[in-house]
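One letter stands for each residue in the lines below.
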Amino acid sequence: MNSKNDFNIQSTRKVQEIETMLQNFLPKQKGYQSIIMEAMSYSLLAGGKRLRPMLMKETYDLFDGKSKALEPFMASIEMIHTYSLVHDDLPAMDNDEYRRGRRTTHVVYGEDMGILAGDALLNYAFETAFKAFVTEPEDSLLIGRALGVLGEKAGIYGMIGGQVIDVKETGHAISKEVLDTIYELKTAALIESAMMIGAILGGASEEEVKAVEQIARNVGIAFQIQDDILDVVSSSEVLGKPVHSDEKNEKTTYVTLLGIKEAAKTVEELSQKAVGLLHQLPGENAYLEQLLMQLIHRDK
């Protein structure tokens, strides 16, 4: 990779490819229930970095994958990520009216449809992933393993588990151990899922999949700590969402526990660990390495 400019050009192209793919996997808006397809589409196509499907694809490329089962999983993980945001924004959760610079799903479609749109995206994510069995029947064992990872990392032992602890503990001080658990489950689990599925479908060994999981965990936790830092030092215009929301919701974060300087140091340490592990893997993907670094050290 020559420069940041090359990276940005590649990123833009890759995001456009993912956007097209997501549109192809969305359900057609028809039937008496077509309002739900419309709300799903509004939520899923709201822009965003498309990091999880991109990380899945880049990890798959790292292992020189050949399976056509990848695309349904790329769409699926973005649907799961999107449903979690739709539900996060609800009045009973974070009560946010704006995301990515536009009105949130429940504000546009009503709270009832906001709940149902999240439910629909989660269910449709698995309907979409199951299509991989039809696309590549001879890869059924790998697809089964990938589905196991997808389910677990999105559920009570992963993202939902992290959200549960987060919601339960908001409003009072918590220890670093509890905070680490929240970050590992709420944020890192879905990034782990993306990269592990890319590795599994790419033909990685059991050991390599474990190494990828560890890389993703470091990246996910660093990503969340960076989020804490940005919530304090950035602006709504730059982030496209409200700032100081952690303070407003009386949340313990790495910044409240350690201060900005120490939090930034932890981000640096975790990113070094991730890169060190990445270099130990047999394949090479310069774009993936740069993507992980951009993700960790981003300013929005």
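Colleague: Please clarify how the environment of E111 should be interpreted in this entry.
Modeller: Structurally, E111 is set in helix α6 (residues 111-135). Residue E111 is classed as partly exposed on the basis of its relative accessible area, which comes to 43%. Not counting residues up to four positions away in its chain, the partners in contact with E111 are L90, P91 and H106.

Colleague: What should I look at first to understand the packing of helix α2 (residues 34-44) against α6 in this one?
Modeller: Each packed pair of helices is defined by two parameters, the angle between the axes and the distance between the axes. Running from N to C, α2 and α6 point in directions that differ by 80 degrees, and their axes come no closer than 9 Å. In this view, α2 runs roughly perpendicular relative to α6, as classed from their interaxial angle. Contacts from I35, I36, A39, M40 and S43 of α2 reach α6 at M113, L116, A117, A120, L121 and Y124.

Colleague: Just to check I follow, could you spell out the packing of aromatic side chains for this structure?
Modeller: Given two aromatic rings, their pairing is described by the distance between the two centres and the angle made by the two planes. This structure, assessed with the given rule, holds four aromatic pairs. Where F126 meets F130, the ring centres are 6.5 Å apart and the plane angle is 50 degrees; that geometry is what we call tilted. Of the two residues, F126 and F130 both sit in helix α6, four residues apart, roughly one turn of that helix. Residue classification places F130 among the partly exposed positions, given a relative accessible area of 43%. Sitting above the plane of the Y287 ring, K14 keeps its charged end 4.6 Å from the centroid.

Colleague: Looking at this structure, I do not really get the layout of surface pockets. What am I missing?
Modeller: Picture a little ball the size of a water molecule; that probe, rolled over the atoms, points out where space is still empty. Roughly 170 Å³ of internal volume is contained in the second largest pocket. As for the second largest pocket, its lining consists of eleven residues, of which M93, D94, V167, T170 and K251 are closest to the centre. At three residues, the largest contribution of residues to the lining of the second largest pocket is made by helix α8 (residues 159-169). Taken together, the residues of the lining of the second largest pocket sort by class into three nonpolar, three polar and five charged.

Colleague: Sorry, what's going on with empty space enclosed by the protein here?
Modeller: In this structure the tally under the stated criterion is one cavity of 30 Å³ or more. The computed volume of the largest cavity comes to approximately 120 Å³. Around the largest cavity, the lining comprises 13 residues; the ones closest to its centre are S43, A46, D89, R99 and T105. Going through the elements one at a time, α2, α4 (70-88) and β2 (102-103) are the ones with two or more residues in the lining of the largest cavity. Per element, the largest residue contribution to the lining of the largest cavity is three residues, and it comes from α4. Within the lining of the largest cavity, the residues separate by chemical class into four nonpolar, four polar and five charged.

Conventions used here
Numbering of residues starts from 1 in each chain and follows the order in which that chain's sequence is written. In keeping with the predicted nature of the model, local features appear solely for residues at pLDDT of at least 70, side-chain atom pairs appear and are counted solely at 80 or more, and the whole-chain, interface and lining totals rest on all residues. Each side-chain value is worked out from all heavy atoms of the structure, with water and hydrogens disregarded. Segments assigned H or I by DSSP are reported as helices when at least four residues long, segments assigned E as strands when at least two residues long, and all are numbered from the N terminus. Only protein chains enter the calculation, and the probe is 1.4 Å; a residue is then buried if its accessible area is under 20% of its type maximum, exposed if over 50%, and partly exposed in between. Here, two residues are considered to be in contact whenever any of their heavy atoms come within 4.5 Å of each other. As a rule, the C-alpha atoms of each element are fitted with a line to give its axis, helices using only the stretch in contact, and angles between N-to-C directions run from 0 to 180 degrees. When an angle is under 35 degrees it counts as roughly parallel; over 145 it counts as roughly antiparallel; between 65 and 115 it counts as roughly perpendicular; any other value is oblique. We call Phe, Tyr and Trp rings a pair once their centres come within 6.5 Å, taking the six-membered ring for Trp, and we label the pair stacked below 30 degrees between planes, edge-to-face above 60, and tilted otherwise. Should the NZ of a Lys or the CZ of an Arg lie within 6 Å of a ring centre and within 35 degrees of the ring normal, that charge is described as sitting over the ring. Computed over the protein atoms alone on a 1 Å grid, cavities are sets of points where a 1.4 Å probe fits but cannot get out and pockets are open sets with protein on both sides within 12 Å along at least five of seven lines; a residue lines them when it has an atom within 4 Å of a point. Grid points are joined across faces, edges and corners, and a volume is the space filled by probe spheres set on the points. Following the grouping adopted for this structure description, the nonpolar residues are Ala, Val, Leu, Ile, Met, Phe, Trp, Tyr, Cys and Pro, the charged ones are Asp, Glu, Lys and Arg, and the polar ones are all others, Gly among them.

By themselves these figures say nothing about function.
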